[in-house]
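Structural overview
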Amino acid sequence: MNAFTTQVKDYVARVELNLPGEPVNKITRGVRDEIDGLLSELASDAAVRAIVLISTKPDSFIAGADIDEFVALRSREEAHELVRKGQALVNRLAQLGKPVVAAIHGACLGGGLEVALACTYRVATDHPKTRIGLPEVQLGIIPAAGGCQRLPRLIGVRNALHVILAGRQLAARRAFRMGVVDELVHPAILDQVAWEVAARLADGWRPKRRRRGVAGLALDRNPLGRRVVYAGARKQVLKRTGGHYPAPLAALKAVRHGIRYGVEAGMDMEAALFAELAVGDVSRRLVQIFFASTALKKDPGVEGEAPPPKPVRNLGVVGAGFMGSSIGAVAVLQAGVDVRLRDTDLPSVARGLKAARKILASRVKRRRITKHQYLRLERLLSGGTGWEGFGRVDLAIEAVFEDLDVKHEVMRALDRHVPDDCVIASNTSTIPIERIAEVVGQPNRVLGMHFFSPVERMPLLEVIVTDQTASWATVTAAAFGREMGKTVIVVRDCPGFWVNRILAPYLNEAGRLLEEGVTVDAIDKTMTKYGFPVGPITLLDEIGLDVAQKASEVLYEAFGERMRPMAGLARMTEDRRLGRKSRRGFYRYEQGERRGVDEAVYEIIEAEIASHVPRGDIGRRLTYSMLNEAARAVDEGVVRSPRDGDIGAVFGIGFPAFRGGPLRYLDDVGAAQAVETLEQLAEEYGERFAPCPRLQRMAAGAERFYPSA
Ligand code: T1G
């Protein structure tokens, strides 16, 4: 296997890790066996008095245990046996009897951090690629190689739970401030500093770790304080997960048990809980989403031989409004490119630049970037009312008013001012790209880049392509979207694209239920119980009722009766109720906080609060309106695969990740059952629920969207 090579110099052994043939270092069975033998040699070698563990794989310290291994587990017993081996390795390292320095550059995650925590001292590089954390709960499992024991004892229970329960990946600087790592260095001197520390440790020096803040002492160091911490953590987890994700609560239990009964008892609890979670459905689904989103990072976005993407070093954004300025800010922050913002008058440009700078400044406030980095990034932003600078852009994105004439005017201008090989993108959410492109001389370089608001937080980007879009343009837009930190799906040009296409019937159905007398609370609570982060009525307020109304009109025009929007939406917008942004919608808002349902809306939409809809049907009507449309859209080839459709739904509208996405969920329900439910709903509530042809075919042939469960 030879994942490790060792050199001993002046009684310090430098152990290099580089797993052959793998893009990252991960703890496989082979690595465990090899390190086991190596630790025995190092322990007995009198010439070795200290050890440095360092990776020579670019930007990867250790990315954790091998996820492929625990995906293959078929029973709790197997899972328990596997995790016990991981624990034994980490404990051997901790009890080696000779000091070990972890020299960390790149991803140090999961079992990788648990290995580092078992070392005597941790030096990390201050580099964007150095990410440190215990992300296991993101995979539906828990840190089970001592992470739930060693991290709380190193940085305190409160801080450790903050890291573990959300599966955070910390930037190196943050990890240093929290005390996870002892020293932060420039990558160029990591090797030398680690070696020098090892030599000092060999001579008997030991680090005196800085004490945690007063709050840490008050809360961490006494049972009563810890009870407060545990209760607060549990409440936060339940608020965030709605109880659908067992892993964070299990991690809390493993931490608490170990603090109370000691490290060994704690690791026993880790192993037992890991074994149960690792073979559970939630973990299976979350790991599928991990692999799907990882595969998407490498997907060029076109079938067959993909041309190389054109590097984007200069971005032009037309429209310095809310979306345009956010797109510009994220492009500067994530991709570090020059951004030229253009609008029709200087006050608009000034407002756009100010809004973009505000997003950059928020990163300084949250200590994600330094003031120095802010100044460097801020200089990449410029703006004006002319076309100066657009003559050298590699990509131009328009984010102007959702009106075809306005967009045509911008497209004509871009066609004249940008280089011939510049990709021209529209951030439209409703207008077909083919229509937008019809005024451009070379429509093969036109596509859609549909960002979701707020751009700095929403992970999904839809790249919308027409039959005329050239592959080089598609791969360039997809690659740049990934440089902006987005998960990118390439979607065929049709009304609503993918996300709005499947969202519209869901939101329309919520409106119908309202008009039939079902309360806002009953509707929203039904869907948060199903696993959505917020219910459909809250989502309408967040999207903006005017935006939702415009999108629903486009879809109604395109798809007819099954996409009929709720009648009350127009009355709501006429009453200037636009949702959160106007501080009045279906909910009331005070100081930016949602403050409960505005009962006045029932009168506005002329609803009688006397619902006769059985509670079970509320969920079925809402869920199946989305599932049916998703199956129909996949059948039309709106997305390139069920995988893209599921990732788009999970990352775009918060479809419950533990259900895997609408198409995974349909596989779980089974096409025959789904058709039967839709037929019942159609009989009871109307033709819009008639099962789409794809589901009928799948039911007849017992087919699935995915080959295996
Ligand atoms: N196991 C198996 N494969 C992994 C892996 C892992 N831990 N991490 C990455 N890969 C593969 C990935 O599938 C892809 O494969 C390739 O590496 C490059 O990944 C006991 C039990 C490390 C930040 O959750 O977050 O430890 O597609 O494209 O963008 O408590 O990968 O090329 O064939 O994402 O530079 C906990 C998961 C495991 C970390 C790198 N660890 N990985 O991102 O590259 S559970 C994690 C990541 C555990 C212990 C428990 C990221 C990355 P392919 P990539 P990247």
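Each remark here, short or long, concerns the structure printed above.
These lines cover the structure that appears in this document, whether it is placed above or below. All of these numbers come straight from a predicted model, not from anything done at the bench.

About the criteria used
Residues numbered from 1 in each chain as written. Predicted model: local features only at pLDDT ≥ 70, side-chain atom pairs only at ≥ 80, totals over all residues. Heavy atoms only, no water. Helix = DSSP H or I, 4+ residues; strand = E, 2+ residues; numbered from the N terminus. Expected span 1.5 Å × (residues − 1). Buried < 20%, exposed > 50% of the residue type's maximum accessible area, 1.4 Å probe, protein only. Contact = heavy atoms within 4.5 Å. Pairing = 2+ DSSP bridges. Axes fitted to C-alpha atoms, helices over the stretch in contact; angles between N-to-C directions. Parallel < 35°, antiparallel > 145°, perpendicular 65-115°, else oblique. Left-handed = near helix turned anticlockwise from the far one by under 90°. Lys, Arg positive; Asp, Glu negative; His and termini not counted. Salt bridge = Lys/Arg side-chain N within 4 Å of Asp/Glu carboxyl O. Polar contact = N/O pair within 3.5 Å; in protein donor to acceptor, adjacent residues only side chain to side chain. Core = buried A, V, L, I, M, F, W, Y, C linked by side-chain atoms within 4.5 Å. Domains from an automatic or database assignment. Near = heavy atom within 4 Å. Areas by Shrake-Rupley, 256 points an atom, 1.4 Å probe, with all protein chains shown as cover. Nonpolar A, V, L, I, M, F, W, Y, C, P; charged D, E, K, R; others polar. Phe/Tyr/Trp six-rings, centres within 6.5 Å; stacked < 30°, edge-to-face > 60°. Lys NZ or Arg CZ within 6 Å of the ring centre and 35° of its normal. 1 Å grid on protein atoms, 1.4 Å probe; cavity = no way out; pocket = protein on both sides within 12 Å on 5 of 7 lines; lining within 4 Å. Points joined across faces, edges and corners; volume = space filled by probe spheres on them.

Further remarks concern helix H3 (residues 76-94). With 19 residues, H3 ought to run about 27 Å at 1.5 Å a step, and its terminal C-alpha atoms sit 27 Å apart, in line with that. For H3, the full list of buried residues reads Ala79, Leu82, Val83, Gly86, Gln87, Leu89, Val90, Asn91 and Leu93. Where H3 is buried, its residues meet helix H1 (29-44), helix H2 (67-71), strand E5 (100-104), helix H4 (111-117), helix H5 (147-155) and helix H12 (263-278).

So, about the sheet that holds strand E1 (residues 4-9). Here we have six strands laid out as an open sheet, ordered E1-E2-E3-E5-E7-E10, and mixed in their pairing. Lying at the two open borders of the sheet, with one neighbouring strand each, are E1 and strand E10 (183-185). Across the sheet, the mean angle from the axis of one strand to that of its neighbour is 20°, orientation sign disregarded. Pairing geometry for strand E7 (residues 121-125) and E10, over three bridges, is parallel. Across the sheet, residue Thr125 finds its bridge partner in E10, namely Val185. Docked against the sheet, H1 engages E1, strand E2 (12-17) and strand E3 (50-55), running at close to 15° with respect to E1.

Turning next to the packing of helix H15 (residues 346-365) against helix H16 (residues 371-378). Look at H15 against H16: their axes get within 9 Å of each other, and the N-to-C directions meet at 160°. With respect to H16, the element H15 is oriented roughly antiparallel. Seen along the crossing, H15 lies across H16 with a hand that is right-handed. Every residue of H16 that contacts H15 at Arg357, Leu360, Ala361 and Val364 is listed here: Lys371, Tyr374, Leu377 and Glu378.

What follows concerns the side chain of Arg342. Inspection of the secondary structure puts Arg342 in strand E12 (residues 338-342). For Arg342, which is buried and forms no salt bridge, the nearest opposite charge comes from Asp343, at a distance of 6.2 Å. Side-chain polar atoms of Arg342 contact the backbone oxygen of Thr385, separated by 3.0 Å. Those residues within four positions of Arg342 in sequence are excluded, and the remaining contacts are Val317, Val318, Gly319, Ala320, Gly384, Thr385, Gly386, Trp387 and Phe390.

Among the nonpolar cores identified, the biggest contains 102 residues, and Trp498 and Phe586 are the most heavily contacted of them. If you tally residues by element for this core, the top one is helix H26 (residues 615-635), at nine residues. The residue makeup of this core includes at least three contributed by each of domain 2 (314-495) and domain 3 (500-637 + 640-701). Counting 79 residues, the second largest nonpolar core, distinct from the first, contains Leu42, Val48, Val90 and Ile164.

Attention now moves to the pattern of salt bridges. Within the structure shown, the criterion is met by 47 salt bridges. A salt bridge links Arg697 to Asp635, with the shortest nitrogen-to-oxygen separation between them at 2.7 Å. Residue Arg697 is found in helix H30 (residues 693-701), and its partner Asp635 is found in helix H26; the two are separated by 62 residues along the sequence. You can call Asp635 partly exposed: its relative accessible area is 33%.

Moving on to the site of the ligand. Lining the immediate environment of the ligand, one finds 28 residues, of which Ala65, Glu114, Glu136, Lys297 and Lys298 sit closest. In this structure, an oxygen atom belonging to the ligand sits 2.7 Å away from a side-chain N or O atom of Glu136. When the ligand sits alone it has 1000 Å² of accessible area, and the protein chains cover 77% of it. Tallying contributions element by element places helix H13 (residues 281-298) first for the shell around the ligand, with five residues. A breakdown of the residues in the shell around the ligand according to their chemical character gives 16 nonpolar, five polar and seven charged.

Another point: the environment of Leu42. One can find Leu42 in helix H1. Residue class for Leu42 comes out buried when judged on its relative accessible area of 6%. Taking C-alpha positions, Leu42 is 68 Å from Leu346, a pair spaced 304 residues apart along the chain. Those residues within four positions of Leu42 in sequence are excluded, and the remaining contacts are Thr6, Ala13, Val15, Val48, Ile51 and Lys98.

Peptide bonds are mostly trans, and most non-glycine residues show a negative phi. Put simply, Ser453 and Pro454 share a cis peptide bond, and its omega is -5°. Positionally, Pro454 belongs in the loop between strand E16 (446-451) and strand E17 (460-465). A positive phi angle, near 55°, is found at Tyr11, a position not held by glycine. Along the chain, Tyr11 falls in the loop between E1 and E2.

With mixed pairing, eight strands are arranged side by side in an open sheet as E13-E12-E11-E14-E15-E16-E17-E18. The open sheet has two edge strands with one neighbour each: strand E13 (381-384) and strand E18 (487-492). For this sheet the average axis-to-axis angle between neighbouring strands, irrespective of direction, equals 25°. Judged from the four bridges that link them, E12 and E13 form a sheet pairing that is parallel. Counterpart to Arg340 in the pairing with E13 is Ser382. H15 rests against E12 and E13 of the sheet, and its axis sits at about 165° to E13. In the packing of helix H27 (residues 642-653) onto the sheet, contacts are made with E17 and E18, and the angle to E18 comes to roughly 120°.

Right, let's talk about the packing of aromatic side chains for a bit. For the coordinates displayed, the defined rule picks out ten aromatic pairs. Taken together, a centroid distance of 5.9 Å and an interplanar angle of 20° make the contact between Tyr530 and Phe532 stacked. Each member of the pair, Tyr530 as well as Phe532, is classed as buried. Here the guanidinium or amino end of Arg664 rests over the ring plane of Tyr706, the centre of that ring lying 3.8 Å away.

A separate point is the side chain of Glu462. Residue position: Glu462 is located in strand E17. It turns out Glu462 is buried and unbridged, and the closest side chain with the opposite charge, Arg501, is 10 Å from it. Within the local environment of Glu462, its side chain forms a polar contact with the side chain of His450, the two groups lying 2.7 Å apart. At a separation of 2.8 Å, a polar atom in the side chain of Glu462 contacts the main-chain amide nitrogen of Val499. Every residue in contact with Glu462, bar those within four places of it in the chain, is listed here: Gly448, Met449, His450, Phe452, Ile489, Val491, Phe497, Trp498 and Val499.

Inspection of the entire model under this criterion finds four cavities of 30 Å³ or more. Quantified by volume, the largest cavity comes out at close to 110 Å³. Lining of the largest cavity is provided by Pro505, Asn508, Glu509, Arg512, Arg562, Ser625, Asn628, Glu629, Arg632, Arg688 and Phe689. Residue assignment for the lining of the largest cavity shows that the elements contributing at least two residues are helix H20 (499-515) and H26. Counted by class, the lining of the largest cavity contains two nonpolar, three polar and six charged residues. In this structure, the second largest cavity spans a volume of roughly 80 Å³. Along its surface, the second largest cavity is lined by Val15, Ile35, Leu38, Leu39, Leu42, Ile51, Leu53, Leu93, Leu96 and Val100. Listing elements by their share of the lining of the second largest cavity, those giving two or more residues are H1 and E3. Partitioning the lining of the second largest cavity into residue classes produces ten nonpolar, no polar and no charged.

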